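# Structural overview for review
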Amino acid sequence: MSYTTSPQSAPTKASSWLNHFLNTLDKESVIKRLWLLIALCVLLTTLVFPLYSLLIHSVQDSDGQFVGAANFVNYLSNPALTYSITNTLYLGLIATVITISLAFVTAWCFTRTNMFGKTLFKGIAYIPLLTPSLLSAISLIYWFGNQGVLKEFWPFETIYGLPGIVFGISFWAFPHALIIISTALRQQDARLYEASEVLGAGPIRTFFTVTLPGCKYGLISATAVVFTLVVTDFGVAKVIGGQYNVLATDIYKQVIGQQNFSMGAVVSLVLLIPALLTFLVDQWVQKKQQSSFDSKSLAYQPKASKVRDSFALVFCSLISVIILAVISMAGYSSLVTFWPYDLSLSFNNYQFEMMDGGGWEAYINSLIMAAGTMVIGTSFIFLSAYACQKIELWPSVRKAIHILSVIPAAVPGLVLGLSYIFFFNQPNNPLNIIYGTFLILMISSVVHFLTVGHLTMVTAFKQLPNEIEPVSESLKVPFYVTLGRVTLPMTFPAILEVGIYLFVNAMTTVSAVVFLYSVDTMLASVAVLNMDDAGDTAPAAAMAMLIFFSALGVKLVYSLVTYGLTKKTQAWRG
Amino acid sequence: MLSLPKHSLPLLSLLRRVRVASTTLFKANHLLTHSVNQLANHSANQSVSQSPVLKTQGLMNKVTASVLTKKKMSPGQQENRTRKPSVELQGVNKYYDDCHALKDINLTINHGEFISFLGPSGCGKTTLLRTIAGLEDSSDGIIYLSGKNVTNKPARQRNFGIVFQSYALFPNLTVEENIGYALKSKGQSKKTIKERVNELIELVGLAKLNDRFPSQLSGGQQQRVALARALAPNPKLLLLDEPLSALDAKVRHTLRSELKQLQQKTGITTIMVTHDQEEALAISDRIAVLKFGEIEQIGTPDEIYSTPATEFVAEFVGTINKMTLPHDGQSYIVRPEWMELFNSPNENRIPGIIQDVEYHGASTRVTLDLDHSEISSKPVVLDIPTPHVKKMQFSMSQVAWLEVTHLDMCSSSIC
């Protein structure tokens with residue numbers, strides 16, 4: 001063979017790299033590389049650069065001069081400010097313990113008993129997810145506040161302070177913990193219980209030796225998630241915190257109240273620490289967590305036990321009553337003409353035009369913003385998760401995209417919002433034009449809620465047969481054609497799930513947007529905050545209820561649409 | 001044709017690659033193609049390289065031609081058409097970090113051949129297949145497909161069809177849509193595609209299942225769809241990665257003969273990876289036995305079975321007995337079916353005690369513990385036709401005599 005001559009047997013490194021590169025310079029490779037680069041650049045611009053900007057500003061004074069650690073020294077030597085740190089941690093501890101305990105028992109009732117009415121209880125338990133966090137605080141005011149219906153029954157001095165915050169935030173974080181723990185409990189292999197029974201262990205022993213250890217990673221993960229939520233939430237503490245200062249409200253005061261952006265940056269960095277720590281804990285848990293479910297596992301079927309089921313029924317009823325009480329009081333108070341003097345019902349409080357706060361326009365804006373977040377976010381998440389999982393080039397870039405997509409879970413909404421002010425509100429930044437528009441609100445919401453969406457999509461891609469791309473290559477069909485014809489339809493349910501998650505969260509969030517809205521882009525959740533601030537508590541409740549009903553309505557329509565759509569398009573699932 | 005000094009070869013390869021790249025990027029290549037083609041005719045065996053545009057057209061013409069004329073080329077015809085082998089590997093190595101997965105592989109596969117890569121798990125046979133496909137990069141060496149150097153080319157620029165162990169059918173598309181997948185993306189007319197798909201459905205035996213989804217098919221049916229899909233764009237090479245291992249034994253038998261018939265009908269060069277030696281022996285023209293990333297032996301099934309080149313091959317394919325036969329004192333490899341068992345002694349027979357009698361239906365495997373341990377240190381395994389066993393009434397702990405009846409087949413090459 002004439003082509004077995006020597007030149008090929010010792011190619012120089014440069015020429016073989018060049019050969020390789022030129023050989024892969026076809027249309028598909030170029031598209032793939034651009035795709036990865038764009039995804040990376042978007043994440044850098046919307047996450048890394050703003051956070052870096054925040055860091056820079058924390059070591060500058062108000063005039064932009066570098067002052068090193070002076071701001072931090074200032075902060076730490078001010079007991080009024082550092083008191084917030086201990087307050088925050090204390091709040092985090094108490095609220096997390098309460099929430100996790102309640103969520104665990106509820107999850108146990110859902111997965112380990114044959115209790116009657118599970119579906120109903122489950123539906124009620126997820127109500128807090130559809131509300132802005134402020135709603136529970138407002139409701140609490142009407143139940144136990146100074147003019148509250150049951151104000152004598154409140155066991156503490158006042159609702160304004162730690163107890164109020166604990167109640168309000170536990171209400172709001174409850175479903176998050178419930179979902180995580182339920183999933184962990186549901187994934188336990190029934191055969192472990194059978195083995196335990198055969199070996200003669202009673203129910204209590206089985207609980208401590210099988211159930212608890214089995215869901216320990218779920219518990220740790222739920223604890224981390226709830227702690228972060230509690231510690232970084234801004235709305236509840238603002239409405240009902242009273243004199244109990246926490247880091248989240250401090251940031252708000254520094255930025256909005258005192259226009260001291262540098263100090264705001266400092267407090268943001270302080271708040272970042274617990275968020276980052278719990279994030280790392282959660283990452284560690286994800287690595288350790290191996291599914292105990294293999295193809296031979298059985299799902300757990302609880303045995304009959306009237307006593308156990310009765311207890312479960314009572315407990316879940318109590319939880320449901322509390323949740324319903326909160327939501328219905330918020331609704332009732334929004335309809336009461338003038339609490340507590342004129343208790344007749346009317347839609348007075350819904351006449352937002354009459355009040356400062358944003359009016360009906362704020363509500364419409366929220367819908368627009370949430371819809372935009374859903375569309376932009378779902379598209380970006382789908383494409384970047386696809387790049388991470390399915391494009392085989394540039395592994396280091398893919399890993400970077402994945403890491404950057406997971407980091408937002410560690411960044412509190414306020415911190416992100418502040419960093420966006422620093423980064424996008426600079427005259428010499430070409431992206432300055434989006435500041436003050438809907439776009440910046442949508443982008444910050446997408447980034448704020450990016451992680452869950454990204455992980456959902458990555459999981460969906462992991463469940464696909466991984467030989468689809470090689471088959472497509474062998475058939476000489478471009479990868480993007482296969483993406484549209486095969487991958488997209490197969491991951492459709494996950495895409496819908498991400499979409500609804502983004503919409504509901506964009507609708508109800510306060511912390512991600514409170515620094516970024518402008519006169520033209522006032523949002524409903526911010527309007528609630530402002531109206532409560534101004535003393536218009538009933539209108540605030542009204543707007544909060546409006547947000548709730550919108551989220552609920554969209555969720556219901558969504559469920560119906562997805563049910564119909566998936567039935568039609570997913571018939572092949574067999 | 002020009003004859004050029006050898007050291008200009010890398011320059012020419014580079015020029016050719018630049019031209020291909022520039023075609024893709026700028027789509028203006030007339031002058032360049034012409035001059036490079038002139039330069040490229042430097043070797044007796046090189047055909048004129050075609051630009052990607054012409055190549056695609058050539059492929060489409062082939063598909064259309066095969067639809068319209070139902071032309072099936074026999075292996076002989078194809079082989080005569082071109083003198084270059086279908087697949088050629090020279091000095092191919094592959095490293096995964098520290099692991100040397102493929103060690104200096106040299107291999108030539110001719111057109112129309114059915115070759116199996118056989119070996120235990122982890123021996124590199126799937127790695128080798130994927131390297132030929134371009135789904136893995138080789139660390140070293142050259143790979144030629146139909147005479148073209150494809151070493152650095154990604155899979156989509158090579159010409160092959162592949163069937164994976166898991167079939168990897170597109171679950172949300174019907175059988176018809178799966179098979180026509182490659183054709184649809186080439187922009188052919190619906191009628192052409194439908195005709196071709198029906199032709200393939202008939203070829204693999206899937207009539208009347210056009211509108212089913214993969215989840216509604218049995219394993220064997222899914223296998224056929226995967227095959228039809230891979231064959232639809234008329235590739236020059238068919239790669240099968242353990243295509244039958246996910247199926248029940250009975251289905252496997254039926255399907256493997258169908259596979260062979262299909263291959264002979266279409267005349268397509270086929271490489272099959274398998275760990276099932278029976279399968280490899282039954283349907284391959286040649287077998288390459290691999291161990292730890294190296295090819296231990298390539299040969300016809302009979303060569304592999306009767307004259308194994310190494311001890312590993314001898315032991316991996318079938319069962320062997322290593323015996324020092326008394327008539328000449330030499331060591332031999334003796335297969336179980338090359339011996340017979342008797343009730344009575346004579347000068348050619350070797351005595352022993354029956355240790356085990358294992359019923360295999362058509363034959364029975366008898367393990368004989370020999371009296372003379374210098375003939376064989378381990379008990380000898382014989383495969384005796386069951387009627388003979390019944391007639392002789394062999395049973396455990398009985399004395400019996402074995403005779404090596406096919407002495408001519410025993411090889412001593414590797415002992």
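Residues numbered from 1 in each chain as written. Chains lettered and ligands numbered in written order. Predicted model: local features only at pLDDT ≥ 70, side-chain atom pairs only at ≥ 80, totals over all residues.

### Overview of the overall build of chain B
Quick reminder of the rule: Secondary structure elements are defined from DSSP: runs of H or I of at least 4 residues count as helices, runs of E of at least 2 residues count as strands, and each element is numbered from the N terminus. A residue is called partly exposed when the number of other C-beta atoms within 10 Å of its own lies between 12 and 20, exposed at 12 or fewer, and buried at 20 or more, with C-beta atoms placed from the backbone. Each residue gets a C-beta atom placed from its backbone, and two residues are in contact if those atoms lie within 7 Å.
Tallying secondary structure elements over chain B gives 14 helices and 17 strands in all. In chain B, which comprises 415 residues, the proportion classed as buried is 37%. Of the contacts formed within chain B by residues at least 6 apart in sequence, a portion of 65% connects residues at least 24 apart.

### A short note on the overall build of chain A
What counts, and what does not: We take the radius of gyration over the C-alpha atoms and set the globule estimate at 2.2 Å times the residue count to the 0.38 power.
Tallying secondary structure elements over chain A gives 24 helices and two strands in all. A compact globule built from 574 residues would reach a C-alpha radius of gyration of about 25 Å, and chain A, at 26 Å, matches this within 12%. For chain A, the spread of C-alpha atoms along the three principal axes comes to 100 × 75 × 50 Å. Here chain A holds 574 residues, and 45% of them are scored as buried.

### As for the nonpolar core
It is characteristic of soluble globular proteins that their nonpolar side chains tend to be buried jointly. Just so we agree on the cut-off: Linking buried Ala, Val, Leu, Ile, Met, Phe, Trp, Tyr and Cys residues through C-beta atoms within 7 Å yields a set, and such a set is a nonpolar core.
The biggest cluster of nonpolar side chains holds 159 residues, and the ones touching the most others in it are Leu134, Ile138, Ala177, Ile181, Leu418, Met543 and Ala544 of chain A. Considering every element that reaches this core, the biggest residue donor is helix α7 (residues 162-186) of chain A, with 15 residues. Setting aside anything within four residues of it in sequence, one finds Leu418 of chain A in contact with Leu54, Ile251, Val255, Gly264, Ala265, Ser268 and Phe515 of chain A. Within the second largest apolar cluster, 97 residues are counted, among which are Phe160, Ala182, Leu368 and Leu402 of chain B.

### Details of the sheet that holds strand β1 (residues 87-96) of chain B
Residues and elements named next belong to chain B. Operational definition: Two strands form a pair only when DSSP identifies at least two bridges running between them. Here an angle of 0 to 180 degrees is reported between the N-to-C directions of two axes, which are lines fitted to C-alpha atoms, with helices fitted over the stretch in contact.
Ordered by their spatial adjacency, four strands build an open sheet running β2-β1-β4-β5, and the pairing between neighbours is antiparallel. The sheet is open, and its two borders are formed by β2 (99-109) and β5 (148-149), each paired with just one other strand. In this sheet, strand β4 (residues 140-145) lies alongside β1 in antiparallel orientation, the contact comprising five bridges. In the strand pairing of β4, Val87 is matched with Leu145. Against the sheet, helix α5 (residues 125-133) engages β1, β2 and β4, with an angle of about 65 degrees to β2.

### Here's the deal with the sheet that holds strand β15 (residues 363-370) of chain B
Residue and element names in this part refer to chain B. Read across the sheet, five strands follow the order β13-β17-β14-β15-β16 without closing on themselves; strand pairing throughout is antiparallel. Both outer strands of the open sheet, β13 (339-342) and β16 (380-385), are each paired with one neighbouring strand and no more. The average angle at which neighbouring strand axes cross in this sheet is 45 degrees, direction not considered. As judged from the seven bridges shared by strand β14 (residues 350-359) and β15, these two strands associate in the antiparallel manner. Note that in β15 the partner of Glu358 across the bridge is Arg365.

### Section: the environment of Pro213 of chain A
Mapped onto the elements of the fold, Pro213 of chain A is located in helix α9 (residues 203-214). The sequence separation of Pro213 of chain A and Phe72 of chain A amounts to 141 residues, and the corresponding C-alpha distance is 42 Å.

### Some thoughts on helix α10 (residues 216-232) of chain A
Put simply, the rule is: The length a helix should cover is 1.5 Å for every residue beyond the first.
Here α10 of chain A spans 24 Å end to end across 17 residues, near enough to the 24 Å set by a 1.5 Å rise per residue. Counting buried positions along α10 of chain A yields 15 of 17 residues, so the element is predominantly enclosed.

### Quick look at the environment of Thr437 of chain A
Inspection of the secondary structure assignment puts Thr437 of chain A in the loop between α17 (413-424) and α18 (438-448). Remark: the alpha-carbon pair of Thr437 of chain A and Ala80 of chain A, spanning 357 residues in sequence, is separated by 36 Å.

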